[in-house]
Amino acid sequence: MRYIIVQRTLLTAVLAVAGALLFRMLHIPVPWLLGPMSAVFVASLLLRGEAVRPSWSPVLRNSGMIIVGYAIGLSFTREALIQIGYQLPTMIVLAALLMALCALIALLCSRLAGVDLPTALIGCVPGGLSQVVVLAEEMRGVNVTAVTIFQVVRVLLIVLLVPLLAVSPLLGGTPGAGGPLPVETTAPLGPGFLLFVVTGALAIWLGQRIKLPTPYMVAPILSTALLIQLGLQAPEPPAAFLQAAQLLIGVYVGLMLKPSQAERKLRLLSVAVLGSLLLIAGSLGMAELVGRMHAIDHMTGFLAMAPGGMDQMSLIAHEVGADLPVVSAYQLFRLMFVYFIVPPLLKLLLQRLYRSRMSRPQS
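Described below are features of the structure shown in this document.

Definitions and cut-offs
- Residues numbered from 1 in each chain as written.
- Predicted model: local features only at pLDDT ≥ 70, side-chain atom pairs only at ≥ 80, totals over all residues.
- Heavy atoms only, no water.
- Salt bridge = Lys/Arg side-chain N within 4 Å of Asp/Glu carboxyl O.
- Helix = DSSP H or I, 4+ residues; strand = E, 2+ residues; numbered from the N terminus.
- 1 Å grid on protein atoms, 1.4 Å probe; cavity = no way out; pocket = protein on both sides within 12 Å on 5 of 7 lines; lining within 4 Å.
- Points joined across faces, edges and corners; volume = space filled by probe spheres on them.
- Patch = residues over 30% accessible without salt bridge, like charges linked within 9 Å, V, L, I, M, F, W, Y side chains within 5 Å.
- Areas by Shrake-Rupley, 256 points an atom, 1.4 Å probe, with all protein chains shown as cover.
- Core = buried A, V, L, I, M, F, W, Y, C linked by side-chain atoms within 4.5 Å.
- Buried < 20%, exposed > 50% of the residue type's maximum accessible area, 1.4 Å probe, protein only.
- Axes fitted to C-alpha atoms, helices over the stretch in contact; angles between N-to-C directions.
- Parallel < 35°, antiparallel > 145°, perpendicular 65-115°, else oblique.
- Contact = heavy atoms within 4.5 Å.
- Nonpolar A, V, L, I, M, F, W, Y, C, P; charged D, E, K, R; others polar.
- Phe/Tyr/Trp six-rings, centres within 6.5 Å; stacked < 30°, edge-to-face > 60°.
- Lys NZ or Arg CZ within 6 Å of the ring centre and 35° of its normal.

1. Thoughts on the pattern of salt bridges
Item 1. Scanning all chains against the criterion turns up one salt bridge.
Item 2. Here Arg-292 makes a salt bridge to Glu-288, at a shortest N to O gap of 3.0 Å. Of this pair, Arg-292 and Glu-288 both sit in helix H12 (residues 265-294), separated by four residues, roughly a single helical turn.

What follows is the structure in structure tokens.
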């Protein structure tokens, strides 16, 4: 039995690498995440035999989340934290407004797609793809396939549309206006990395004990950020590490996609596109609001409020000449807001919805 599991895991890894390389060759965004996800999803539809059916261990997924969490923690520089402190009240208000907008969009998507409200709410949360899908997996009665479809569509539209909007006449961005990339302040991977590993492991252990949301990602973020603030140089992980992390997570997410559990697939996909476009439009409106409050230009405000990945938004901000510290600060705060505030609120709301359904008299 163990031999079969190892064989299935190795086959899954080969399919994942092939999918990543294919997506990279086709210049599809985020190839090391979406490529393995798509390849494993297709394989799970075609390969039905016990010895060849795709398989992936949660341990591998957790390993990828640890690497991603460490990489995110590297972005918590002193400059970013100063920006967060200066504009913290505005960030709180705008994060709450963004969540309210997502709730309204979720209500609309729930009615149009015919999915339950808890599934629509989690599907519309503008957090990290893997983090939100893992959260959905932990929720009772939530359709993980529908949530994944909503999240993948949002990521794709953000990656494809935000750069085009940022360089459009609407926002006044100019490609290449940021000049050459700044010199990295992180140290090369070496013996000092051991301290970050040990601290991260202790943080994960503590996070599990106190039931921290998604501890395998959030705990490394916090431990890495803390060591950086103490003045330690953070070793930068090689690009291959980050690509491997995306692959480890992408395979796991791909295996969560179960078409048999998603009714009205075309309708669900169409509603997901509509919801994502409404979310991007709402971000443009909030960019105007933050610009008036802090004299921030439209381009910087939009990239600060765009519901995409912090790393991607920061790179786009540099490329088009936006205010990089401001964009990074807002994206960092929204990231932590989604990680720490949204999961408890969602769990509380879903528990109340579940209890109210159970308490209704049966007809």
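2. Concerning empty space enclosed by the protein
Item 1. Overall, the coordinates contain two cavities of 30 Å³ or more when judged by the stated rule.
Item 2. The space that makes up the largest cavity amounts to roughly 90 Å³.
Item 3. Counting only elements with at least two residues in the lining of the largest cavity, the list comes to helix H5 (88-113), helix H8 (144-166) and H12.
Item 4. The greatest single-element share of the lining of the largest cavity, amounting to four residues, is contributed by H12.

3. Quick notes on a nonpolar patch on the surface
Item 1. On the surface, Val-93, Leu-97, Leu-289 and Met-293 cluster together into a nonpolar patch covering about 330 Å² of accessible area.
Item 2. Elements with a contribution of two residues or more to the nonpolar patch: H5 and H12.
Item 3. Here Leu-289 is to be found in helix H12.

4. Quick notes on the nonpolar core
Side chains of a nonpolar character, in soluble globular proteins, are inclined to be buried together.
Item 1. In this structure, Ile-122, Val-162, Leu-303, Met-313, Tyr-330 and Leu-346 are the most contacted members of the largest nonpolar core, which totals 83 residues.
Item 2. When residues in this core are grouped by element, the largest group, eleven residues, is from helix H15 (residues 324-340).
Item 3. Counting twelve residues, the second-largest nonpolar core is a separate cluster that includes Ala-20, Trp-32, Leu-248 and Tyr-252.

5. Here's the deal with the packing of helix H4 (residues 78-86) against H15
A packed helix pair is summarised by two numbers, namely the angle formed by the two axes and the spacing between the axes.
Item 1. Two elements in contact, H4 and H15, have axes separated by 8 Å at closest approach and are oriented at 75 degrees. For the element pair H4 / H15, the angle class is roughly perpendicular. Along its contact with H4, which presents Glu-79, Ala-80, Gln-83 and Ile-84, the element H15 presents Pro-325, Val-326, Ala-329, Leu-332 and Phe-333.
Item 2. Within the contact of H4 with H15, the residues separate by chemical class into seven nonpolar, one polar and one charged.

6. Observations regarding the environment of Ile-316
Item 1. Topologically, Ile-316 is positioned in helix H14 (residues 310-320).
Item 2. A sequence separation of 13 residues divides Ile-316 from Leu-303, and the C-alpha atoms of the two residues are 8.0 Å apart.

7. Considerations on the packing of aromatic side chains
Item 1. Summed over the entire model, instances satisfying the criterion amount to two aromatic pairs.
Item 2. Taken together, a centroid distance of 5.9 Å and an interplanar angle of 80 degrees make the contact between Tyr-70 and Phe-196 edge-to-face. Of this pair, Tyr-70 sits in helix H3 (residues 58-73) while Phe-196 sits in helix H9 (residues 193-209), and the two are 126 residues apart along the sequence. Judged on exposure class, the residue Tyr-70 and its partner Phe-196 are both buried.
Item 3. Measuring from centroid to centroid gives 6.2 Å for Phe-333 and Phe-337, while their planes differ by 40 degrees, and the two rings are tilted. Note that Phe-333 and Phe-337 are positioned in helix H15 at a spacing of four residues, about one turn of the helix. Here the two residues Phe-333 and Phe-337 agree in accessibility, since each one is buried.
Item 4. In this arrangement the basic side chain of Arg-61 is found over the ring face of Tyr-252, its NZ or CZ atom lying 4.4 Å from the centre.

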